Amino acid sequence: MEKSPSILKQALTVNRKPFPWLKAFTAGVAAALPILIGLLFGNLEYGLIAGLGGFTYLYVFNVPYAQRAKKIFWIVIALTFLTALGTLVAPYPIMVAIFMGIIGASAIFIFGALRIAGPAAIFLVLVFSMVTGMPQAPELAPLRAGLVFLGGSLSWILAMLGWFSDPHGPETGVVKRGLLELAALLDSVGTDRFHESRHCVMSALMDADETLASGQTPIRQTNYFKHLYVLNNSAHNIFTYLLEDFPEHRVPLPPEAAQSVRKIANSLGKKNKSDSASEVILQPEEMDASVAHLFKLIYDADAVMNEPNSKINQEVEFSKLSLKTVFGGAFDKNSIIFIAAMRFGIITIIAAIFAFEVGFARSFWVPLSCVAVMSGYSIVATFHRAVQRGIGTLLGILIASLILSIHPDGYIIALLVLLFTFITELFIVKNYALAALFFTPNALLMAESTSHGSFSFAYFASARMMDVLIGSIIGLIGVWLVGRRSASSRLPHLISKTIRSQSQFLFVLFSDQGKGFNARNSTELKKMRTNILNLKILYNTASGEIPVNRDVLDYYWPVVHSIEHLGYLLENAAKLSSRPILADDELAQLLLACETMAIAAHLKKTPPLKPIPKIESFFSIQKELRYLQKALQNNEGVPL
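Residues numbered from 1 in each chain as written. Predicted model: local features only at pLDDT ≥ 70, side-chain atom pairs only at ≥ 80, totals over all residues. Heavy atoms only, no water.

Q: Which parts of the structure should I look at to understand the overall build of the protein chain?
A: Within the protein chain, the regular secondary structure consists of 25 helices and zero strands. Counting the 640 residues in the protein chain, one finds 55% classified as buried. In the protein chain, of all internal contacts separated by at least 6 residues, the share reaching a separation of at least 24 is 81%. Total accessible area on the protein chain is roughly 28700 Å²; 62% of this is exposed by carbon and sulfur atoms. (Helix = DSSP H or I, 4+ residues; strand = E, 2+ residues; numbered from the N terminus. Buried < 20%, exposed > 50% of the residue type's maximum accessible area, 1.4 Å probe, protein only. Contact = heavy atoms within 4.5 Å. Areas by Shrake-Rupley, 256 points an atom, 1.4 Å probe, with all protein chains shown as cover.)

Q: So what exactly am I meant to see when it comes to helix H7 (residues 141-160) here?
A: Given 3.6 residues to a turn, an α-helix orients residues that are three or four positions apart in the same direction. Here H7 contains 20 residues, and its C-alpha end-to-end distance of 28 Å stays within 8% of the 28 Å for a straight helix at 1.5 Å per residue. Of all the positions in H7, only Ala141, Arg144, Ala145, Leu147, Val148, Gly151, Gly152, Leu154, Ser155, Leu158, Ala159 and Met160 are classed as buried. Buried-residue contacts for H7 involve helix H2 (21-40), helix H3 (44-52), helix H4 (65-89) and helix H6 (122-132). (Expected span 1.5 Å × (residues − 1).)

Q: Any chance you could explain unusual backbone geometry here in plain terms?
A: In most cases, non-glycine residues show a negative phi, while peptide bonds are predominantly trans. At His407, a position not held by glycine, the phi torsion is positive, near 55 degrees. Along the chain, His407 turns up in the loop between helix H17 (379-405) and helix H18 (411-427). Phi is positive for Lys604, which is not a glycine, with a value near 60 degrees. By the secondary structure assignment, Lys604 is in the loop between helix H24 (584-603) and helix H25 (619-633).

Q: Help me understand the environment of Ser449, please; the structure alone is not making it clear to me.
A: Tracing the chain through its elements places Ser449 in helix H19 (residues 432-451). Along the sequence, Ser449 and His407 sit 42 residues apart, while their C-alpha atoms lie 9.1 Å from each other. With residues near it in sequence (within four places) discarded, Ser449 still touches Leu48, Ile413 and Leu444.

Q: Explain the packing of aromatic side chains to me, please; I cannot follow it from the model alone.
A: Here the distance between the centres and the angle between the planes together describe a pair of aromatic rings. In total, this model carries 18 aromatic pairs according to the counting rule given. Relative to Phe111, the ring of Tyr59 has its centre 5.9 Å away and its plane inclined at 55 degrees; by these criteria the two rings are tilted. In this pair, Tyr59 is assigned in the loop between H3 and H4 and Phe111 in helix H5 (residues 93-113), connecting sequence segments 52 residues apart. Of the two residues, Tyr59 and Phe111, both sit in the buried class. In textbook terms, an aromatic cluster arises when at least three aromatic residues are bridged by ring pairs, as seen for Phe19, Trp21, Phe422, Phe427 and Phe438. Here the guanidinium or amino end of Lys430 rests over the ring plane of Phe19, the centre of that ring lying 4.7 Å away. (Phe/Tyr/Trp six-rings, centres within 6.5 Å; stacked < 30°, edge-to-face > 60°. Lys NZ or Arg CZ within 6 Å of the ring centre and 35° of its normal.)

Q: Even after reading the chapter, I still don't get the nonpolar core, so can you show me in this structure?
A: Considering soluble globular proteins, one finds that nonpolar side chains tend to be buried as a cluster. Ranked by internal contacts, the top residues of the largest apolar core, which has 184 residues, are Phe55, Leu242 and Ile621. In terms of residue count, helix H23 (residues 550-574) provides more of this core than any other element does, 13 residues in total. When residues no more than four places from it in sequence are discounted, the contact partners of Ile621 are Leu506, Phe510, Leu566, Leu569, Leu570, Ala573 and Ile615. (Core = buried A, V, L, I, M, F, W, Y, C linked by side-chain atoms within 4.5 Å.)

Q: What should I look at first to understand the environment of Ile103 in this one?
A: Secondary-structure assignment places Ile103 in helix H5. Along the sequence, Ile103 and Phe128 sit 25 residues apart, while their C-alpha atoms lie 8.8 Å from each other. Ignoring any residue separated from it by four or fewer positions in sequence, one finds Ile103 in contact with Leu82, Leu124, Val125 and Phe128.

Q: Sorry, what's going on with the packing of helix H21 (residues 491-509) against H24 here?
A: When two helices pack together, their arrangement is given by the angle between the helix axes and the distance between those axes. In contact at an axis separation of 7 Å, H21 and H24 are set at 170 degrees when each is read in the N-to-C sense. Classified by the interaxial angle, the pair formed by H21 and H24 is roughly antiparallel. Between H21 and H24, the contacting residues are Pro492, His493, Ile495, Ser496, Ile499, Arg500, Ser503, Leu506 and Phe507 on the first element and Leu587, Leu590, Leu591, Cys594, Glu595, Met597, Ala598, Ile599, Ala601 and His602 on the second. Counted by class, the contact of H21 with H24 contains 13 nonpolar, four polar and two charged residues. (Axes fitted to C-alpha atoms, helices over the stretch in contact; angles between N-to-C directions. Parallel < 35°, antiparallel > 145°, perpendicular 65-115°, else oblique. Nonpolar A, V, L, I, M, F, W, Y, C, P; charged D, E, K, R; others polar.)

Q: In this structure, what is going on with the side chain of Glu624? I would like to understand it.
A: Within the secondary structure, Glu624 is located in helix H25. The exposure class of Glu624 is buried, given its relative accessible area of 3%. In this view, Glu624 contacts Arg198, Ser562, His565, Leu566 and Leu569; residues no more than four positions away in its chain are not counted.

Q: Explain the confidence of the model for the protein chain here, please?
A: Low pLDDT means the predicted coordinates in that region are not meant to be read closely. Chain-level pLDDT for the protein chain is 84 on average; 87% of the residues reach the 70-or-more range. Within the protein chain, the element-level pLDDT minimum falls on helix H12 (residues 273-277), averaging 49, and the maximum on H7, averaging 96. (pLDDT = per-residue confidence, 0-100.)

Q: What exactly am I supposed to notice about a nonpolar patch on the surface here?
A: Together, Phe73, Trp74, Ile77, Phe149, Leu150, Trp156, Ile157, Leu161, Trp163 and Phe164 make up an exposed nonpolar region whose accessible area comes to about 1100 Å². Elements that contribute at least two residues to the nonpolar patch include exactly H4 and H7. Tallying contributions element by element places H7 first for the nonpolar patch, with four residues. Tracing the backbone through its elements, the reader meets Trp74 in helix H4. By relative accessible area, Trp74 is classed as exposed at 57%. (Patch = residues over 30% accessible without salt bridge, like charges linked within 9 Å, V, L, I, M, F, W, Y side chains within 5 Å. Salt bridge = Lys/Arg side-chain N within 4 Å of Asp/Glu carboxyl O.)

Q: Whenever I open this one, the side chain of Glu564 confuses me. Can you help?
A: For Glu564, the location among the structural elements is in helix H23. Filtering out sequence-adjacent residues up to four positions away, Glu564 remains in contact with His199, Met202, Ser203, Met206, Ile532 and Lys536.

Q: Would you mind going over the environment of Glu448 with me for this structure?
A: Position of Glu448 among the secondary structure elements: in helix H19. Looking at Glu448, the relative accessible area reads 7%, which means it is buried. C-alpha separation for the pair Glu448 and Met130, spaced 318 residues apart in sequence, amounts to 9.0 Å.

Q: Just to check I follow, could you spell out the packing of helix H8 (residues 169-188) against helix H9 (residues 194-215) for this structure?
A: Orientation of H8 relative to H9, taken along the N-to-C sense of each, is 160 degrees, at an axis distance of 8 Å. Taken together, H8 and H9 sit at an angle that is classed as roughly antiparallel. H9 is crossed by H8, and the crossing has left-handed handedness. Each of Pro170, Glu171, Val174, Val175, Arg177, Gly178, Glu181, Leu182, Ala184, Leu185 and Ser188 in H8 lies in contact with H9, whose residues at this interface are Phe194, Ser197, Arg198, Cys200, Val201, Ala204, Leu205, Asp207, Ala208, Thr211, Leu212 and Gly215. Residue classes in the contact of H8 with H9 are distributed as 13 nonpolar, five polar and five charged. (Left-handed = near helix turned anticlockwise from the far one by under 90°.)

The structure is reproduced here in structure tokens:
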């Protein structure tokens, strides 16, 4: 087996993601423009406080504008509230420490449960901390909060500007990616790449479902959005047909199939549809009945592309989990999201109390460093963050110390904030250490400029370095002690729980539930989906533990993937109004097979193979259940 690179080498690796030039520049503008406006009105301090609201833009990601508008709005509200709270509790160090932990834990839990992309807790804790380091003046809470709200509102406006030129750009991109993955799957039929490729397609199509669901607005649905929705459903139909009829196919499909799907994908988002419409889908000269039906499905998808937007009349319907269900699933003693949030909050409180009790100047930099280190999604990621933050921050402190020693003022501060924010956002996608090199002087410049601090170069540099070192050590020790095996030890229980929820959903799908029953709104579907999401997060977290048991993870890999595939097939079956009703003995066989697997997974034993009855028109479900049984067999010699 190839030796894994060291943690230090992994932490310092620079990835090849492209630079986000536009987002980086807009982030710099969002941070610097409030400062410039403050200068124009003759008050730099007010501009700097409003600039804290500019951190809002760092939560902007490529999600539908309907979702982005809500997400950024709530970030603005959160930063506004935390500014007022920090101003009010600043005279009480113990309260500050407790609130730091509560803020961090709440952000980790909410971002994790809702699976929101972004920096989660770090900038929320940062703004709260920086406000507590300002001159104590509780009566200024409304003023400071109002300034941060104005700065955040400016970021909201900048975040929504793209809507005017491409209102459905994020949705178009994710649907296109699903079609391209589907084309790659068509190319892989009859090869050893089929099973690996099908997982990529399933993930892409599920991402497209989630993105479209988050882009849906109850007020108005555009024709183009319906166009994307129908096209994505066509991709699901093609994929499901491949799973039903071609998993054992040993002969490659005609290349025209993949070429046609790529043509459809590449025509998405084009302003001039006449060029794409002129490209005729090629058809092979000879094909059997199954291939002919596949091409019919591709033609149907192409017809959606060529249909005028005004004629797309299909009703848009998504099966969404309510916030109550989402948070209820995450708020569980076995949920790694809840465990991570509690761990995050407790360790942050300990770091803050320690810093205040020892009496560090600007004590909030200690828990803030602890928060930054713990922001990694796993223990390995936490160690990476510690190395990256340590190197980047120490060099960044030297840069900040040099800048502060010359006492910059006015437009120089605004220019430096713009420059540092711009470079930070450029390099955050490459390596956190490079980002910390520029984020650190940016944060220090804003914090010290609003706190009226006066330190010598040597004192300031040494004090901040000590803060970072102590905070990082506390974060590492806390994560190491609390979370070393918290994820992997919970895998058997959650796998068992997830299989049982799939068994329950199988029962309601293929038994008589009476007229008016809608499987897509059933409690069983919600439970299954919640358990699958928690299982995926748990497995990913377990893969980053130290020490990591590679044999155990290799064993669980096909099990988790099979459970995910089975969940996808069951959800697709729920979309159909016509499903076979199984006889009682067949249902009993299905339930027995699932319960046998669930018990074996919980007890870490090999389950006996049970017969899986045929489900007419849903043979892929039967095949996936057999595959799951076989995946659970392969634990011979694995110390579970």
